[in-house]
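# Commentary on secondary and tertiary structure
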Amino acid sequence: MNDLKAMQCFVRALELGSLSAAARELETTQPSVSKLIAALEKQLGARLLTRGSSGLTPTEPGKRFYERTKRILEEYDEALADVRGLTERPQGLLRINAPVSLGVLRLNALLLEFMAQYPEIEVELILNDRFVDLTEENVDLALRLGGALPPNVIARRVATSPRMLVAAPAYLRKHPPLTHPTDLGQHNFLRFAWLTTGDQLELSGPDGERATVIAQGRYRANSSLAIRDGLLLGAGLCITPAWLVSDLLESGQLVRVLPQWSGPANEAFLLYPERRYRPLRARLLTEFLSERIGQLPGFEA
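Identification of the protein chain as LysR family transcriptional regulator from Pseudomonas brassicacearum is taken from an unreviewed UniProt entry. The protein chain has a UniProt comment under Sequence similarities (unreviewed entry) that states "Belongs to the LysR transcriptional regulatory family."

## Structural notes on the pattern of salt bridges
Across all of its chains, the model carries 10 salt bridges by this definition. Between Arg292 and Glu113 there is a salt bridge; the shortest N-O distance is 2.5 Å. Placement of the pair is Arg292 in helix α9 (residues 280-292) and Glu113 in helix α5 (residues 100-117), with a sequence separation of 179 residues. Owing to a relative accessible area of 22%, Arg292 belongs among the partly exposed residues under this scheme.

## Here's the deal with the packing of aromatic side chains
Counted according to the given criterion, the structure contains four aromatic pairs. Seen in terms of ring centroids, Phe114 and Tyr118 are 5.0 Å apart; in terms of plane orientation they differ by 50°. Their pairing is tilted. Phe114 sits in the buried class, given a relative accessible area of 0%. According to the relative accessible area criterion, Tyr118 is partly exposed, its value standing at 22%. Between the aromatic rings of Trp243 and Phe299, the centroid separation amounts to 6.3 Å while the plane-to-plane angle is 0°, which identifies the pairing as stacked. In this pair, Trp243 is assigned in helix α8 (residues 242-251) and Phe299 in the segment after α9, connecting sequence segments 56 residues apart. Taken individually, Trp243 and Phe299 each receive the classification buried, so the pair is uniform in this respect.

## Considerations on the domain arrangement of the protein chain
Splitting the protein chain by domain gives domain 1 (3-84), domain 2 (92-156 + 272-295) and domain 3 (161-266). Each of domain 2 and domain 3 was reduced to a C-alpha centroid, and the two centroids are 29 Å apart. Facing eight residues of domain 2, the contacting portion of domain 3 comprises 10 residues. Of all residues in domain 2, the largest losses of buried area upon contact with domain 3 belong to Ser101, Leu105 and Arg106, amounting jointly to 58% of the total for that side. Asp247 serves as the salt-bridge partner of Arg106, at 4.0 Å between the closest nitrogen and oxygen. In this assembly, domain 2 and domain 3 are joined by three residue pairs in polar contact (both at pLDDT 80 or more). No other element matches the five residues that α5 contributes to the side of domain 2 that touches domain 3. Partitioned by chemical class, the residues of the side of domain 2 that touches domain 3 number four nonpolar, two polar and two charged.

## Looking at the nonpolar core
Residues Leu143, Leu231, Leu285, Leu289, Ile293 and Phe299 are the most contacted members of the largest nonpolar core, which totals 39 residues. Built from parts of two domains, this core gets at least three residues from each of domain 2 (92-156 + 272-295) and domain 3 (161-266). Dropping the residues within four chain positions of it, Leu285 is found in contact with Leu94, Ile96, Leu111, Phe114 and Leu141.

## Concerning unusual backbone geometry
Despite not being glycine, Glu27 shows a phi value in the positive range, around 55°. Judged by relative accessible area, which is 74%, Glu27 ranks as exposed. Backbone geometry places Asp207, a non-glycine residue, at a positive phi of 60°. Here Asp207 is to be found in the loop between β8 (200-204) and β9 (210-214).

Analysis parameters
- Residues numbered from 1 in each chain as written.
- Predicted model: local features only at pLDDT ≥ 70, side-chain atom pairs only at ≥ 80, totals over all residues.
- Heavy atoms only, no water.
- UniProt positions renumbered as here; feature names shortened; annotations may be inferred.
- Salt bridge = Lys/Arg side-chain N within 4 Å of Asp/Glu carboxyl O.
- Helix = DSSP H or I, 4+ residues; strand = E, 2+ residues; numbered from the N terminus.
- Buried < 20%, exposed > 50% of the residue type's maximum accessible area, 1.4 Å probe, protein only.
- Phe/Tyr/Trp six-rings, centres within 6.5 Å; stacked < 30°, edge-to-face > 60°.
- Domains from an automatic or database assignment.
- Contact = heavy atoms within 4.5 Å.
- Buried area = accessible area lost by both parts, 1.4 Å probe.
- Polar contact = N/O pair within 3.5 Å; in protein donor to acceptor, adjacent residues only side chain to side chain.
- Nonpolar A, V, L, I, M, F, W, Y, C, P; charged D, E, K, R; others polar.
- Core = buried A, V, L, I, M, F, W, Y, C linked by side-chain atoms within 4.5 Å.

Next up, the structure:
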């Protein structure tokens, strides 16, 4: 039995939750993965995994073996990188995760610029608006905006983006004027469906003044690209991070509403798994994005 291959199968099967998922990632078959793990269990004289309707669950010996095996595999990867010179030569695949709108509007161009600098690095960009398990989904680096950060990751804050009230000029011409946050109750409000604060807006104004407003609106979307489009169509107003609309504000397609008032800033974090070894390509991209995101329109370092 190939002990190293068996350990890799065991670790990834447990992290991905199924033998078939581990087989796909390791470019082998599900029966092969099953046989290797079974042989490993026989060699150890202990059951490592239980298989149920909800997926794979480690036994108590399996939990202990996983923690040690994970460290062994990371050390092995580091040794390989050192011998092959990969610690000095940036190459290989990077899997990046980011929110859809940020990826489309801002991150995509940065990653292409990074790849132009390092022609031997490949990038796989996965865009979605949910927090992913970096280890389970084999993600090297994730870019996240605000919210509670997941456990078992290293989080590095790289920028903030002011949150402001915006609307299209055409919308404002057709609706009552706004002079104070209390006027917002008379307006159609476009809201992100996943906001934990719901319809409640917390705003900060001049001289430390604060206001809490319950927004009125019939339209919610779980995509900030949809919100952006709704604003352009004159469907209502919204409180949004500056990075999402900075170009539209500059062109005059949108304008700030109550410009002396703003919401809590949107914080941008780079996340990567808690492990001792990170390949050079991942470290280079982390430093590149740490420097460049704060320079993007609508962001502040």
